[in-house]
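Survey of secondary and tertiary structure
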Amino acid sequence: MKLRGIVAAVVLVLIAFVGVVVWRLPITSDRLRAKVIETLSDRLDSDVELSSLAVRAFPRLHAEGGGLTIKRRGQGGRPPLISVKSFTVDGDLLGLYRKHVGRVELVGLDIQIPPKNDEASQDKTDGEQTAGPGRPGPTAEKDSQPGSGRSSKGGIVVDSMVTTDARLVIIPRESDKSPKVWNIHKLHMTSVGAETAMPFEATLTNAIPPGEIETSGRFGPWEREEPGATPLDGIFSFAKADLSVFKGISGILSAHGTFGGKLERIDIHGETSTPDFTVAVGGHPVPLNTKYHSQVDGTNGNTILERIDASFLNTAIVAKGAVIDLPGDPGRQVSMNVTIDRGRLEDLLKLAVKTPTPPMQGALKLSTRFILPPGDKDVVEKLQLKGQFSIAGGRFTSDEVQQKINDLSRRGRGKPAAAPQQVASDFKGDFSLANGVLGLPKVSFSVPGAGVNLTGQYALRRETLGFKGELTMDATVSEAAGGGLKGRLLKVMDPIFQKNGRTVIPIKITGTRQAPAFGLDAGALFKK
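My aim in this report is to walk through the structure given alongside it, one point at a time.

Rules used throughout
Residues numbered from 1 in each chain as written. Predicted model: local features only at pLDDT ≥ 70, side-chain atom pairs only at ≥ 80, totals over all residues. Heavy atoms only, no water. Helix = DSSP H or I, 4+ residues; strand = E, 2+ residues; numbered from the N terminus. Pairing = 2+ DSSP bridges. Phe/Tyr/Trp six-rings, centres within 6.5 Å; stacked < 30°, edge-to-face > 60°. Buried < 20%, exposed > 50% of the residue type's maximum accessible area, 1.4 Å probe, protein only. Core = buried A, V, L, I, M, F, W, Y, C linked by side-chain atoms within 4.5 Å. Contact = heavy atoms within 4.5 Å. Salt bridge = Lys/Arg side-chain N within 4 Å of Asp/Glu carboxyl O.

1. Some words on the environment of Ala417
You can see Ala417 is positioned in the loop between α8 (399-412) and β19 (425-434). Counting along the chain gives 64 residues from Ala417 to Ala481, while the straight-line C-alpha distance between them is 9.4 Å.

Right, here's the structure in full:
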C-alpha cells in the first residue's frame, strides 16, 4: 500500500510537470511558428517572416522550417538583414522549458549588413522628435543605458548552431557599387543568444585575392539598434591567396593574426608571407614578409593601414595609408605613404628589370606617395608614385657602363690617363611614376671630379632612356681630353664651357637601358 502511494505520488508529479511543460511550450506547429515570429520580432526589433514550420515533440523535439527573413523595421525596399533558406531544430522538452535548444542547423544563411547610418536609420531619426528644453528626446534614456541596443528580457539560447552555404554581404552606401561578399562554407557557433558573446569557428573564401580563411573567436552580443556596433574578437589564418588576380603581380600569400573591436571598427594585427612575390615587368620572385596593424570597417570593407613593416631580401619598408572605395569606381584604391630608410637599390631593381643581374647596386633611401587605383590594368600601368630618393655608393654592374663612369671621374679630375679605378656614384633627386613611365624631373649624381644634373624619363616596359642635363667637371675641356695635340686644340673651347670657375657641358642620354648613348646636347649649347 505504501509502495502504491509512492507510485501514485510520482505519477501525479509527472502529470503536473507535463502539464506545466505543455502550458509553457507551443507544441503545435502553428503555435510554435507564431511564437518564433513574435520572439524574433521583439528581440531584434525587426519585421519577421517564416514561410513554413513543422514540429514533432516526441520522442524528441524536432522542427523543420524554411523561408525565414528578418528585416529591420522601416527599411522599405532594402534586402533583409538575415535570411535562411531552410533550418532544422533538435532538442528536448526539458531543455526548451529551460529556454535552451540543443542544436540548430541552417542552410543558405545570408547576413546582409547595411551601411552605417543608412537611409532606414535616417528615416527613423527624422520621424523622432528632437529634444527640447525640459523635454528629453525619445531615445535619451535608452541611449544612456549600457547595452541599450539589446532587450533586457531573457531569451532562448541555442547550445550549438551549424550553418552551411552561408554568406556575409556588406552593402555599400553608393547604389552603383557592388556589395562585398564572403562565402562562408561552414560556421559553428555555441551558446547562441541575442544577449551573449557567442563563440564561433568558421571557414570562408575571400573573394579578392581568392583564398581560404579559417577563423575562430567570439561574436556579440548583437546590437539590434546598430548592427555595426556588435563586438567581436578572435584569431584568423589566410592560406593560399593567389595574388595573380591583380594584373602585373603574382605570388601565393599566407597570413595569420588576431582581431578585435566592433563590426564597424575591427582592429587587426597580422603577419603575411609571400615566398614567391613577383612583379611581372621584372619577372624575378622574391620572398616578401610583412607585419601590419590595420583597422577595418566591417560594414563597408574600408581599411585604415596604421602601419605596415615589410621586408624583402635586404630592404625594409614602412608604409601607412588606407584601402578605400571611391565614389563611382568599382574596386578599392590603395593610398599609402611609403618610406625606405634601410634599402638596397639592387633589391628594388630586381623587381622592376628583367636582367638576371640588377643594373646597379647601392644603399637606397626613399620616400614616396603610393597610389594604386582600382581597375583591370597591369599594376605597372596604373601605379602612381611621387617622391624623393638618394643612392649612396652606387656602382653599375655592367662593366661597360661602369668603365664610362670611371673614365668620367678621371677626365673630370683632369687625369684621363690615370690608372683605372672603380669609383662609386652618389645619386639623389625627385621622381614620379605614372602610366608605366618613370619621370625624373630632378636627379643628380656625382663621382670624384664630376657631377651630372639630369631631367627626363625612363619607360619601364620599353626600357628606353630620354634624359637631358649638364655635366659639371673640376677640369677644363682641354684637361679632360689629356695632353698632346688634342688637348692643345681644345684649349680654345675652354672659355665656352666655363661657368663659375667650373666646366659645364650640356649632355643627353638616349638609347636603351642595355645600350645607353651619351652625347653632347648641341641644341642646348647653341641656346646659351
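2. Here we look at the pairing of strand β18 (residues 384-396)
Relative to β18, strand β17 (residues 360-372) is paired through 11 bridges, and the arrangement is antiparallel. Bridge pairing in β18 places Ser367 opposite Gln388. Relative to β19, β18 runs antiparallel, the two being bridged by 8 bridges. Residue Ile391 lies in a different strand from β19, and its bridge partner there is Phe427.

3. Focus on the packing of aromatic side chains
Taken as a whole, this structure holds 4 aromatic pairs when the rule is applied. Judged by centre distance (6.5 Å) and plane angle (40°), the rings of Phe236 and Phe259 are tilted. Note that Phe236 is positioned in strand β9 (residues 231-242) and Phe259 in strand β11 (residues 252-262), a separation of 23 residues in sequence. Accessibility assignment for this pair places Phe236 and Phe259 in one class, buried. For the ring pair Phe427 and Phe445, a centre distance of 4.7 Å and an interplane angle of 20° mean the geometry is stacked. Taken together, the positions of Phe427 in strand β19 and Phe445 in strand β20 (residues 437-447) put the pair 18 residues apart, joining distant regions of the chain. Summarising the burial analysis for this pair, Phe427 and Phe445 share the class buried. A connected cluster of aromatic rings, assembled from ring pairs, spans Phe396, Phe427 and Phe445.

4. Brief notes about the nonpolar core
Within the largest apolar cluster, 103 residues are counted, with the highest numbers of intra-cluster contacts made by Phe87, Met189, Phe277, Phe389 and Leu471. Top element by residues in this core is strand β4 (residues 100-113). It accounts for 5 residues. Setting aside residues up to four positions removed in sequence, Leu471 forms contacts with Leu408, Ala450, Gly451, Val452, Thr503, Val504, Ile505 and Ile507.

5. Structural notes on the pattern of salt bridges
Here the structure, examined in full by the defined rule, presents 11 salt bridges. The partner of Asp110 in a salt bridge is Arg167, with the nearest N and O atoms 2.7 Å apart. One end of the pair, Asp110, is in strand β4; the other, Arg167, is in strand β5 (residues 157-170), with 57 residues separating them in the sequence. Given the relative accessible area of 14%, Asp110 is considered buried. Here Arg502 makes a salt bridge to Asp474, at a shortest N to O gap of 2.5 Å. Pair noted here: Arg502 is in strand β24 (residues 502-511) and Asp474 is in the loop between β22 (464-473) and α9 (477-481), with a separation of 28 residues, a long-range link. According to the relative accessible area criterion, Arg502 is partly exposed, its value standing at 32%. Via salt bridges that share partners, Asp378, Glu381 and Arg461 belong to a single interconnected network.

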